[in-house]
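Survey of secondary and tertiary structure
So the chains spell out like this:
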Amino acid sequence: MTGKPRILIARAISPEVVQRLEQHFEVESNQDDVVWSPQELVRKLQGKDGMLATGLQAIDAALLAACPQLKIVANMTVGYNNFDVPAMTAAGVQGTNAPDVLTETTADFGFALLMATARRISESEHYLRAGKWKDWRYDLFAGAEVHGSTLGILGMGRIGQGIARRGAHGFGMKVIYHNRSRLSPELEAECKARYVSKDELLASADHLVLVLPFTPENRHAIAAAELAKMKPTATLINIARGGIVDDAALAGALREQRIAAAGLDVFEGEPAVHPDLLAVPNVVLTPHIASATRGTRLAMADLAASNLIAFFEGRGALTPVNTPAG
Ligand code: DGY
């Protein structure tokens, strides 16, 4: 390669990270935050050696074939379901994600969403703003207990463990979890978490938090059959990925109060939200903001930048998700 490597930044990011990248690369940034179509993205990628992505740009076989110069795509997100990993590996393209830097922030948000959902904070605020609050009533927006209740976690990676610690140590909750693989005894003790089958998790949790990655196998991991196994008083929280929950089935369960409430930060086909979810009151809806604090978003973009820099300096990517062929 002659001259500096050329990289594309797919969306607006913290200006200080753009400046850092400009010290190492010829950079085309997108600080106007234009959302490019797949065709526009391919056009922008012509002649680029690398890209900083935000987890939304599909890196598939068609894009890779059209961008033969591309060597690395660095996501600033921990999730990388925008990557066709086998296609990237076969094309010799490095993929990286941004783990760890957002763990505690996302666990904070998962817990905030759980509390807002269980204690009906959005629903009661809408009622107040609509001028409907006329007097005190013993059962006005009576919600579900959080402290001392049973917290279920589906997907016990780093974020799941962060939520478990908050529940067990901060709120005296009994923590149960289900995961592809069981945690070590040391981690189970630290999280005060007990491993159970998925069926036991569904049947026993007062609050069920989903923190599993999106894979084809996890699509609709929570659908009508799973919702039917939950307690009618239970709350369901999804901070994982859209598509893990069957949103139409969930809206039906909420409407018929087969479960008490849900808190959702991610949606099937987002930013579109299933219209039936918008029509039920017992759901708290947020626009995929679990990792959105100023400090964490900066750290996420900075880790993606570090991946690009390390890769092009020949030190190897810091947080790779594949080992490219060739
Ligand atoms: C991630 O990092 O995967 C988050 O969903 C983005 O906020």
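Residues numbered from 1 in each chain as written. Predicted model: local features only at pLDDT ≥ 70, side-chain atom pairs only at ≥ 80, totals over all residues. Heavy atoms only, no water.

1. Some words on the packing of aromatic side chains
Stated formally: Between 30 and 60 degrees the pair is tilted, below 30 it is stacked and above 60 it is edge-to-face, where a pair is any two Phe, Tyr or Trp rings, Trp via its six-membered ring, whose centres lie within 6.5 Å. To qualify as a helix, a DSSP run of H or I must reach at least 4 residues; to qualify as a strand, a run of E must reach at least 2; elements of each kind are numbered from the N terminus. Burial classes: relative accessible area under 20% of the type maximum marks a residue as buried, over 50% as exposed, and values in between as partly exposed (1.4 Å probe, protein chains only).
Throughout the structure, instances matching the rule amount to six aromatic pairs. On the basis of an interplanar angle of 75° and a centroid distance of 5.3 Å, the ring pair of Tyr 177 and Tyr 195 is categorised as edge-to-face. One end of the pair, Tyr 177, is in strand S7 (residues 174-178); the other, Tyr 195, is in strand S8 (residues 193-195), and 18 residues separate them in sequence. For Tyr 195, a relative accessible area of 27% corresponds to the partly exposed category. Between Phe 311 and Phe 312 the ring centres are 5.1 Å apart and the planes differ by 85°, which places this aromatic pair in the edge-to-face class. Through successive ring pairs, a cluster of aromatic residues spans Phe 25, Phe 311 and Phe 312.

2. Some details on the packing of helix H1 (residues 15-22) against helix H13 (residues 294-312)
Axis angle and axis distance: for two packed helices, these are the angle between their axes and the distance between the axes, and together they describe the pair. Quick note on the threshold: Note on geometry: axes are C-alpha line fits, over the in-contact stretch for helices, and angles between N-to-C directions span 0 to 180 degrees. Any angle from 65 to 115 degrees is called roughly perpendicular, while one under 35 is roughly parallel, one over 145 is roughly antiparallel, and all others are oblique. Note on contacts: a residue pair is in contact if any heavy atoms of the two residues lie within 4.5 Å. Any residue outside Ala, Val, Leu, Ile, Met, Phe, Trp, Tyr, Cys, Pro, Asp, Glu, Lys and Arg is labelled polar, Gly included; the first ten of those are nonpolar and the last four are charged.
Taken N-terminus to C-terminus, the directions of H1 and H13 make an angle of 10°; their axes are 9 Å apart at the nearest point. What the angle tells us is that H1 and H13 run roughly parallel. Note on element contacts: H13 touches H1 through Leu 298, Ala 301, Asp 302, Ala 305, Ser 306, Leu 308 and Ile 309, opposite Glu 16, Val 17, Arg 20 and Leu 21. For the contact of H1 with H13, the class distribution of residues is seven nonpolar, one polar and three charged.

3. A look at the domain arrangement of the protein
Operational definition: Start and end positions for the domains come from either an automated domain assignment or a database one. Two parts placed together each lose some accessible area; with a 1.4 Å probe, that loss summed over both constitutes the buried area. For salt bridges, the criterion is a side-chain nitrogen of Lys or Arg within 4 Å of an Asp or Glu carboxyl oxygen.
If you check the domain split of the protein, you get domain 1 (6-100 + 294-312) and domain 2 (103-285). Computed over C-alpha atoms, the centres of domain 1 and domain 2 are 32 Å apart. Contacts between domain 1 and domain 2 engage five residues on the former and five residues on the latter. Roughly 520 Å² is buried in total at the junction of domain 1 and domain 2, and carbon and sulfur atoms are behind 40% of that figure. When the buried surface of domain 1 facing domain 2 is broken down by residue, Asn 81, Asp 100 and Thr 296 rank first, second and third, together holding 74% of it. At the boundary of domain 1 and domain 2, one finds one salt bridge.

4. Quick word on the site of the ligand
Worth spelling out the cut-off: Proximity is defined per residue: any heavy atom of the residue falling within 4 Å of a molecule or strand makes that residue near it. Counting of polar contacts relies on pairs of N or O atoms within 3.5 Å, with two restrictions inside protein: one atom must be capable of donating a hydrogen and the other of accepting it, and residues adjacent in sequence are counted only when both atoms are side-chain atoms. Computed with a 1.4 Å probe, the accessible areas rest on the Shrake-Rupley method; for each residue, only the protein chains presented here act as cover.
Neighbouring the ligand are the residues Thr 77, Val 78, Gly 79, Leu 102, Arg 241, His 288, Ser 291 and Arg 297. One nitrogen or oxygen atom from the side chain of His 288 is found 2.7 Å from an oxygen atom belonging to the ligand. A distance of 2.8 Å separates an oxygen atom of the ligand from a polar atom in the side chain of Ser 291. Coverage of the ligand by the protein amounts to 87% of the 230 Å² it exposes when considered alone.

5. Let's talk about the environment of Thr 150
Here Thr 150 is to be found in strand S6 (residues 150-154). What makes Thr 150 buried here is its relative accessible area of 12%. C-alpha of Thr 150 to C-alpha of Ile 176: the two residues are 26 residues apart in sequence and 7.3 Å apart in space. For Thr 150, the contacting residues outside a window of four places in its chain are Lys 174, Ile 176, Ser 204, Ala 205, Asp 206 and His 207.

6. Notes on the pairing of S7
We apply this condition: For two strands to pair, DSSP has to find at least two bridges joining them. When the strands point away from the viewer and the path from the first strand over the helix to the second turns clockwise, the crossover is right-handed.
Among the five residues in S7, four count as buried, and that is most of the element. In terms of strand pairing, S6 meets S7 through five bridges, oriented parallel. The residue of S7 that forms the bridge with Ile 153 is Tyr 177. In this view, the connection linking S6 to its parallel neighbour S7 by way of helix H7 (residues 158-171) has right-handed handedness. Inspection of the sheet shows S7 paired to S8 by three bridges, in the parallel sense. By the bridge assignment, Ile 176 is partnered in S8 with Arg 194.

7. Regarding the sheet that holds strand S12 (residues 283-285)
Across the sheet, seven strands lie side by side as S8-S7-S6-S9-S10-S11-S12; this open sheet has parallel pairing. The outermost strands of the open sheet, each flanked by one partner alone, are S8 and S12. On average, adjacent strands in this sheet sit at an angle of 20° to one another, irrespective of strand direction. Two elements, S6 and strand S9 (residues 207-210), share four bridges in a ladder whose sense is parallel.

8. Things to note about the pattern of salt bridges
Counting across every chain of the model gives 19 salt bridges. For the salt bridge of Asp 33 with Arg 11, the shortest nitrogen-to-oxygen distance reads 2.6 Å. Of this pair, Asp 33 sits in the loop between strand S2 (26-28) and helix H2 (38-45) while Arg 11 sits in the loop between strand S1 (6-9) and H1, and the two are 22 residues apart along the sequence. Taking the relative accessible area as the measure of exposure, Asp 33 reaches 32% and is therefore partly exposed. With a relative accessible area of 19%, Arg 11 lands in the buried category. A salt bridge links Glu 28 to Lys 44; its shortest N-O distance comes to 3.2 Å.

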